[in-house]
Amino acid sequence: METYQYPKSQELFKRAAGVIPCGIYGHYSPAPLVPATSYPFYTSRAEGARFWDVDGNEFIDYMCAYGPMVLGYNHPQIDKAAMDQIKKGNCTTGAPGVMVELAEYMVDLISGVDWVSFAKNGGDMTNYATMIARDATGRKKTIMIRGGYHGVSPWMQAPGHHGTMEDDSKNIIRVKWNNFADIERAVDENPDNIASFIATPYYVPAFEDNELPEDGYWKKVEALCRKKGIVLILDDIRHGFRLDMRGSHRYFGFEPDLICFCKAIANGYPISALMGTSALKESTARIFYTGSYWFQSEPMGAALATLKELKKIDGPKIMQETGKKLMDGLVDLAKTYGYDLKVSGIPSMPYLRITNDESLMLHQDWCAECTMRGAYFTSHHNWFISTAHEDKDIQKTLEIADEAFKAVKKKYGDRF
Amino acid sequence: MEHELIKARLNLYAVLKNLEELVKYDSEMAELSKNWNLSIQFLVRGGPKAYIEFEGGGCRVARGKHYAPSIKLFFLSPAHLNRMMDGKGNPIPLKGFTKIPFLTGDFAKLTDRLEYYLKPTEDRLKEKAYLELNTRFTLNTAAFALREIGELDPVGKQVASHIPDGAVLMKILPDGPAVNISFQDGQIAPGIGETSRPMACMFMKDIQVANDFLNAKIDAFTAIASGDVTIKGQIPMLDSLSLILDRIPMYLT
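Residues numbered from 1 in each chain as written. Chains lettered and ligands numbered in written order. Predicted model: local features only at pLDDT ≥ 70, side-chain atom pairs only at ≥ 80, totals over all residues. Heavy atoms only, no water.

Novice: I tried to follow the pattern of salt bridges on my own but got confused; where do I start?
Specialist: Where charged atoms from two side chains of opposite charge approach closely, those side chains can pair. Residue and element names in this part refer to chain B. Across all of its chains, the model carries 40 salt bridges over all chains by this definition. Between Glu115 and Lys119 there is a salt bridge, with the nearest N and O atoms lying 3.2 Å from each other. Using a relative accessible area of 39% as the deciding quantity, one classes Glu115 as partly exposed. Of the residues examined, Lys119 reaches a relative accessible area of 45% and is grouped as partly exposed. Linking Lys126 and Asp123 is a salt bridge whose minimum nitrogen-to-oxygen distance equals 3.3 Å. Grouping residues by exposure puts Lys126 and Asp123 together as exposed. Sharing partners across several salt bridges, the network here consists of Arg9, Arg63, Arg147, Glu148 and Glu151. (Salt bridge = Lys/Arg side-chain N within 4 Å of Asp/Glu carboxyl O. Buried < 20%, exposed > 50% of the residue type's maximum accessible area, 1.4 Å probe, protein only.)

Structure representation (structure tokens):
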């Protein structure tokens, strides 16, 4: 099996670095891809569960654009729904009618909520949610999970990061995931001053095993929030529609006050949603919050079509089954080489790590070797499965993984 | 006050630390110091203590008190020490009055030489030997500064508190120089040279790349993507380390 080279990606990157700060920024930055030179940076086209880079290399995609691709790239039905809206007028004076249709559909679809607002990115909504909580409670502070990710606003970033000031985190209290006592302590130490608690359905840090909530964790959090008048915000941006079509809170059995969605909501079209209970509708209405493109009809049409299709085919079930098939195959393969491949999280968005080397270097090498053979694996982040991943993709991926295990075994011998 | 204290610790524990390698790699300074056999104790009221020991052609800069220093220099405050390091003040000698000519003569030549290497100009950096030593000293200063910023700077302390146990290796390819920084139970221990089982590594392609990278002439993300700098292992350790290192210019210019 030949390994890929990326001369055109590197050439484009050099040009990019001249005119774009750090070439490619944010979560698309090649920096956490180890080594970066084993990965493609630029895509030329995509179809189904695959994409082709500018060097013509073909990849089975297990990052799915870091989550938004859920039904497959260039999905005809979704693209048509988007195009239908574009033909009518995409960014017009006056909100589009499809917005109401989408809102009604989502309020029916998602469990326990009564209204929805739309924006573009996940961070728009996590920020909005905390503002609503502050307005509704008249309190200042937000509790979040240490290592949790809710976007890039200054308050969401850990202290010390460039462009943030110490004051940005003044009203943020960070607690450990799955540690209810830590939350209780934060609440006790700040009587009547906690506006909200925000967390993802389960813990999805980078470079670390993902962690599901312990039994009863969410129920206890919910009860504490109710008792203390704290707004419970679920950041379902990454997990949403890969665990349960009714929202990931149904998967884990609790009822949040506000839920943020993005990523899988529209199969790659730019839209995010904040949903909430009727008790918070008035506070939400009072807050002025908007953006130039938040009323685009195209992504709303795409979102409506995506959600309907995902519901029709039971997308989360398909993705979890496909993910499990792949994970089982990879874990078994790893064993034959003497490697313990640990899978954490839910199979539709698994995080993998070869535990034989705690520095992660062995795992990073294996992921890089897979990528250079056509299975796009990152080593730092949870992967994403889509409904477009088929058995033939899984089979091909296992063949690639086998070759990659051989390559790392050759490199490291019996060191691990 | 805190700022002056951190700066004083950086000056003593990170900047002066480079004297050890200056007498090793600069032939003129090696010749100058080869017969020195004495020690200088730095005492700062409300601040750090360190000593420089010359013996058998070698130099050792260490934290704390020397058992029998030849010269004792006292500073009324961290700011006093910093003024001296900036060439704007003088220490108060407590011991070794007969060696004052040495301090103002040969020893001053040594420290002037260190300053020369630590204050590069574009012209100086065109000389290979200068580039190599400037890069080596910059790398060493970064490694040893990391401990001080990680222990004292409020933000640095917070960032350091989340770094998991293990060692980080920073190496210039192909054959060094290299530094390692060990994190263990909240303690930060820098060292010169490699470490056998690092948890995270940063390799800089060559001296020129390293110099540009360490002096922030190229941004880290671009350098990594282009392969000029390679990172591997527990990348969050390197991320945190980078956030701490980025605070050095707040204290040392």
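Novice: How should I be thinking about helix 1 (residues 7-19) of chain A in this particular structure?
Specialist: With 13 residues, helix 1 of chain A ought to run about 18 Å at 1.5 Å a step, and its terminal C-alpha atoms sit 19 Å apart, in line with that. Here the buried face of helix 1 of chain A lies against helix 11 (220-226) of chain B. (Helix = DSSP H or I, 4+ residues; strand = E, 2+ residues; numbered from the N terminus. Expected span 1.5 Å × (residues − 1). Contact = heavy atoms within 4.5 Å.)

Novice: Would you explain the environment of Ile6 of chain B in this entry?
Specialist: All names here are of chain B. Among the structural elements, Ile6 can be located in helix 1 (residues 2-15). Along the sequence, Ile6 and Ala79 sit 73 residues apart, while their C-alpha atoms lie 10.0 Å from each other. Those residues in contact with Ile6, other than ones at most four positions away along the chain, are Leu152, Asp153 and Tyr251.

Novice: Explanation requested: the pairing of strand 7 (residues 178-184) of chain B in the structure shown.
Specialist: All names here are of chain B. With five of its seven residues buried, strand 7 lies for the most part within the structure. Where strand 6 (residues 166-172) meets strand 7, six bridges bridge the pair, whose relative direction is antiparallel. Bridged to Gly166 within strand 7 is Phe183. Once strand 6 ends, the chain turns through five residues before running back antiparallel as strand 7, passing Gly176 with a positive phi of about 100 degrees. Sheet topology note: the strand 7/strand 8 (residues 187-192) ladder contains six bridges and is antiparallel. Considered in strand 8, the bridge of Ile181 is made with Pro190. Once strand 7 ends, the chain turns through two residues before running back antiparallel as strand 8, passing Asp185 with a positive phi of about 50 degrees. (Pairing = 2+ DSSP bridges.)

Novice: When you look at the environment of Tyr42 of chain A in this model, what are you seeing that I'm missing?
Specialist: Residue and element names in this part refer to chain A. Take Tyr42: it is sitting in the loop between helix 1 and strand 1 (43-47). For the pair Tyr42 and Trp52, spaced ten residues apart in the sequence, the C-alpha separation amounts to 8.8 Å. Excluding residues that lie within four positions of it along the chain, Tyr42 makes contacts with Ser9, Leu12, Phe13, Ala16, Gly23, Ile24, Asp53 and Val54.

Remember that the coordinates give geometry; whether it matters functionally is a separate question.
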